[in-house]
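# Structure assessment
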Amino acid sequence: MKTNDIGLEIKDSKNLVKTLNKLLANYQVYYQNLRNFHWNVSGPNFFELHAKFEELYTTANAQVDEVAERILTLGERPYSSYGEYIENSGIKEAKEVHDAKKMVEIVRENLNHLLNLERKTLEEASANGDEGTVTLMSDYITAKEKVVWMLSAYLK
Ligand SMILES: [Fe+2]
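Presented here is a report on the structure given in the accompanying data block. (Residues numbered from 1 in each chain as written. Predicted model: local features only at pLDDT ≥ 70, side-chain atom pairs only at ≥ 80, totals over all residues. Heavy atoms only, no water.)

Attention now goes to the packing of helix 2 (residues 46-73) against helix 4 (residues 100-128). Between helix 2 and helix 4, whose axes approach to 12 Å, the crossing angle comes to 20 degrees. With respect to helix 4, the axis of helix 2 lies roughly parallel. Crossing of helix 2 over helix 4 shows left-handed handedness. From helix 2, L49, F53 and L56 reach across to helix 4, where they touch A100, M103, V104 and V107. By residue class, the composition of the contact of helix 2 with helix 4 is seven nonpolar, no polar and no charged. (Axes fitted to C-alpha atoms, helices over the stretch in contact; angles between N-to-C directions. Helix = DSSP H or I, 4+ residues; strand = E, 2+ residues; numbered from the N terminus. Parallel < 35°, antiparallel > 145°, perpendicular 65-115°, else oblique. Left-handed = near helix turned anticlockwise from the far one by under 90°. Contact = heavy atoms within 4.5 Å. Nonpolar A, V, L, I, M, F, W, Y, C, P; charged D, E, K, R; others polar.)

We now examine the packing of aromatic side chains. Applying the stated criterion across every chain yields a total of five aromatic pairs. Taken together, a centroid distance of 6.2 Å and an interplanar angle of 70 degrees make the contact between Y27 and Y30 edge-to-face. Separated by three residues within a single helix, Y27 and Y30 lie in helix 1 (residues 10-40), roughly one turn from each other. Its relative accessible area of 0% is what places Y27 among the buried residues. Look at Y31 and Y57: their rings are 5.8 Å apart centre to centre, the planes differ by 80 degrees, and that puts the pair in the edge-to-face class. With Y31 in helix 1 and Y57 in helix 2, this residue pair connects regions lying 26 residues apart in the sequence. Above the ring of Y57, the side-chain terminus of R35 is found at 4.1 Å from the ring centroid. (Phe/Tyr/Trp six-rings, centres within 6.5 Å; stacked < 30°, edge-to-face > 60°. Buried < 20%, exposed > 50% of the residue type's maximum accessible area, 1.4 Å probe, protein only. Lys NZ or Arg CZ within 6 Å of the ring centre and 35° of its normal.)

Below, the discussion takes up the environment of L122. Assignment of secondary structure puts L122 in helix 4. Distance in space between the C-alpha atoms of L122 and T133 is 7.0 Å, their sequence separation being eleven residues.

A few words on the layout of surface pockets. The calculated volume of the largest pocket comes to roughly 220 Å³. Lining the largest pocket we find Q28, V29, Y31, Q32, N33, N36, Y82, Y85, I86, E93, A94 and K95. Going through the elements one at a time, helix 1 and helix 3 (82-88) are the ones with two or more residues in the lining of the largest pocket. In terms of residue count, the dominant contributor to the lining of the largest pocket is helix 1 (six residues). (1 Å grid on protein atoms, 1.4 Å probe; cavity = no way out; pocket = protein on both sides within 12 Å on 5 of 7 lines; lining within 4 Å. Points joined across faces, edges and corners; volume = space filled by probe spheres on them.)

With respect to the helices and strands, T73 occurs in helix 2. Overall, the relative accessible area of 37% leaves T73 in the partly exposed class. As a C-alpha pair, T73 and I6 span 67 residues in sequence and 7.6 Å in three-dimensional space.

Just distances and angles here, no functional claims.
In structure tokens:
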């Protein structure tokens, strides 16, 4: 069995990185959607949503970096170009969204998309005995589920 620098089987890590790279691509589009909404939101909830979108993209920014560096830790290459992100993201770029409530709905949808990918990543990592990735995904999932709850409460 051939192992990488951290002692995990190379074949397993390569397979896992396919999912992690997909997660990374989706994360980048999610991040840019949040920046879009932060800039373009308007109306009576401007101040709270402008700040909330910033808080969420700041978190996403840090997580994008963690996912990319986890891929490098596993001995593989993270997708690093806009082209790769767009090509591999299931989350679509938000373009002409004007309604503030619609923006929150899109963020919630995007989060659910990321959650599904994170659960899949966790399962695959767990099968590989890759505890580092399992823990990372586990933390992301818990935090995202809480954000989804808060966004749902907001939308009621
Ligand atoms: Fe700003």
